[in-house]
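One letter stands for each residue in the lines below.
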Amino acid sequence: MEKKKMPIGIEDFAEIITQGFYYVDKTSMIKELLSNWGKVNLFTRPRRFGKSINMSMLKYFFEIGIDKSMFDGLAISKETELCEKYMGQYPVVSISLKGIEGANYSAARSMAVDVINEETRRLSFLLESVNLIQNEKELLSRLMDKNLEDGTLVSSLRNLTELLEKHYGKKAIVLIDEYDVPLAKANECGYYDEMIKLIRGMFHQALKTNPNLEFAVLTGCLRVSKESVFTGLNNPKMYTLLEAECDEQFGFTDEEVQEMLAYYGLSGYYGITKEWYDGYKIGRANVYNPWDVINWCNQLLTNPNKVPKSYWTNSSGNEEVQRFIQKMGNGVTKTQIERLISGETVQKKIEEQLTYDTMYDSVENMWSLLYATGYLTQSETPSGNLVRLTIPNTEVRSIFRDFVLKLFEKKIAQDGVTVSAFCEALKGGNATETERLFTALMKNTISVRDTAVRKEFKESFYRGLLLGILGFKDGWSVDSNRESGDGYYDIAIEIEDEELGIIIEVKYAENAQFEQECSKALKQINDNDYTAELKNDGMRTLFKYGVACYKSQCKVVVEREEHDPE
């Protein structure tokens, strides 16, 4: 039997259901949403956590004229009374603001007009409505015009709900996906005040003073301050990361991931999937990043030998983490970052209502931002707004590590004397001096603590430090993690004009067991013949280094071998 396709990048619910794609059933969200009733409902979740597909699902459930068979067999279909009352019973206005990312206000406003134009075209059947008078149809035509005046743009969502209500005799549901993307881009590009004025005006018209509104659902990454966007709204219903309501509806639960892996015959990858992509706590639920799981499973179906990688963190610039790490020494201590990367926790006060123009103003705001955007998660039930934070999984821990390494490279670039001396000691087979200088250079960055984080991760961190130093040495050919002999070495260096080769094996010395780990490193180099490639390339003098690291300390041992290529 042919398996369903993986829905990579597909956010249209109907396409997933009708075109043979795998769907993780989140339709029980509909019952929870209606049971918790709010006139205006805002869901804040990190990017790539299924917001858009859920909004599409809501649209197809509520909108008049939908194909009700799409929901056959799904969780919501068991709620017969609810389905009879709500399924296919409402006009819907549905827009996404995720594409409004103009470099200036004029471009962004034009993109906002395009969004309104597109939704109006979708509803253009209203031009034939016998319930609308001529000037109302003319208003509809104007909403399809690219040259919308400011007043018409601000009132556009309200106008669409009014026209739908007149046509159907029923109040409309408004769905706004990724409502805060235009604000994030506006803050980045310097036109925040203009954009916040536009968004505030549209929301006020559509969500506050609108008698044609049944209810509204919005999604976004941040809960932007009520005073900033939701001015005047009466207690909008907030579904934040701390709330228990609908906590399993964005992200995949462990049961759902196990079911998906089993369906595709990938159950043997459960452990590594959990390590890399699980770990998020929303309300009372523990969930995986859905974007990661879908992409990882799709990769495994193509190549079962694939190793996990970062899918989610590679889908943006990760500016939040970069700025946070750059604050080291300015409110963010090395110890706090060390604890996070090592799998420990830090307790911080979380402010759920932020504004994009102030989110980088203080370290306190940045802790809240990292939590809201999914780079940190809660490790236990919060005490009020005091939340014990941790990095959720190996994927996100890797991006913290990578930014730490980049910052390390910037710092050592300013210390060319020590870097040069280190490379000379390494080339000369001087273990004592190599050890002293590497220890000195490590003082410029964080250390990794003894925790439950996998030893391989800790070793890759220190290997990254060495590669960062070696990257400044001109004329050396440096490779990492390539096959040679019977395995994969950590670092290999060829200095061709001197016919000199260096192999470095890095170990993490748990509980400061330096001598033991150095011995293991040298034994691994020799047992697996890691110098084979260097010999094949004509290197005559070979240095084999065992390097053991623990916190900001290291031990270095070396063996020398002479090789005659002839």
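The structure we're discussing is the one just above.
Residues numbered from 1 in each chain as written. Predicted model: local features only at pLDDT ≥ 70, side-chain atom pairs only at ≥ 80, totals over all residues. Heavy atoms only, no water.

Chemist: Looking at this model, I keep getting lost on the overall build of the protein chain. Mind explaining?
Modeler: Each helix and strand in the protein chain was counted, giving 22 helices and 20 strands. Projecting the C-alpha coordinates of the protein chain onto the three principal axes gives extents of approximately 95 × 55 × 45 Å. When burial is assessed residue by residue, the protein chain has 55% of its 566 residues classed as buried. In the protein chain, of all internal contacts separated by at least 6 residues, the share reaching a separation of at least 24 is 72%. Split by element, the accessible area of the protein chain, about 24,000 Å² in all, is 44% carbon and sulfur. Positive and negative side-chain charges of the protein chain, numbering 68 and 86 respectively, have mean locations separated by a distance of 5 Å. (Helix = DSSP H or I, 4+ residues; strand = E, 2+ residues; numbered from the N terminus. Buried < 20%, exposed > 50% of the residue type's maximum accessible area, 1.4 Å probe, protein only. Contact = heavy atoms within 4.5 Å. Areas by Shrake-Rupley, 256 points an atom, 1.4 Å probe, with all protein chains shown as cover. Lys, Arg positive; Asp, Glu negative; His and termini not counted. Charge placed at Lys NZ, Arg CZ, Asp CG, Glu CD.)

Chemist: Help me understand helix α9 (residues 181-189), please; the structure alone is not making it clear to me.
Modeler: An α-helix turns once every 3.6 residues. As a result, residues three or four positions apart point the same way. For α9, the complete set of buried residues consists of Val181, Pro182, Leu183 and Ala186. Tucked inside the fold, the buried residues of α9 contact α10 (192-208) and β5 (223-224). Just past α9, the residue Gly190 takes up positive phi, approximately 90°.

Chemist: Please clarify how the sheet that holds strand β1 (residues 40-44) should be interpreted in this entry.
Modeler: The strands making up a sheet associate through hydrogen bonds between their backbones, and the pairing can be parallel or antiparallel. What the five strands build is an open sheet, ordered β2-β3-β4-β1-β6; its pairing is parallel. Two strands close off the open sheet at either side, each with one partner strand: β2 (92-96) and β6 (237-239). Across the sheet, the mean angle separating the axes of adjacent strands is 10° when strand polarity is ignored. Sheet topology places β1 next to β6; three bridges connect them, and they run parallel. The partner of Asn41 across the bridge, within β6, is Lys237. Against the sheet, helix α8 (residues 156-168) engages β2 and β3 (172-177), with an angle of about 155° to β2. (Pairing = 2+ DSSP bridges. Axes fitted to C-alpha atoms, helices over the stretch in contact; angles between N-to-C directions.)

Chemist: Sorry, what's going on with the pairing of strand β18 (residues 500-508) here?
Modeler: Every other side chain in a regular strand lies on the same face of the sheet, so the side chains alternate between the two faces. The element β18 is extensively covered by neighbouring structure, given that nine of its nine residues are classed as buried. Burial of β18 is two-sided: the residues Leu500, Ile502, Ile504, Val506 and Tyr508 facing one way and the residues Gly501, Ile503, Glu505 and Lys507 facing the other way are all buried. As paired elements, strand β17 (residues 491-495) and β18 share five bridges and run antiparallel to each other. Bridge pairing links Ile493 to Ile502 in β18. Counting the residues between successive antiparallel strands, the hairpin from β17 to β18 contains four residues, one of them, Glu499, with a positive phi of roughly 50°. Two elements, β18 and strand β19 (residues 541-550), share nine bridges in a ladder whose sense is parallel. Note that in β19 the partner of Ile503 across the bridge is Lys544.

Chemist: Honestly, empty space enclosed by the protein in this entry has me stumped. Any pointers?
Modeler: Unfilled space is identified by rolling a water-sized probe across the atoms. Counted under the stated rule, the structure contains three cavities of 30 Å³ or more. A volume near 110 Å³ is recorded for the largest cavity. In terms of residue class, the lining of the largest cavity is built from seven nonpolar, three polar and three charged. (1 Å grid on protein atoms, 1.4 Å probe; cavity = no way out; pocket = protein on both sides within 12 Å on 5 of 7 lines; lining within 4 Å. Points joined across faces, edges and corners; volume = space filled by probe spheres on them. Nonpolar A, V, L, I, M, F, W, Y, C, P; charged D, E, K, R; others polar.)

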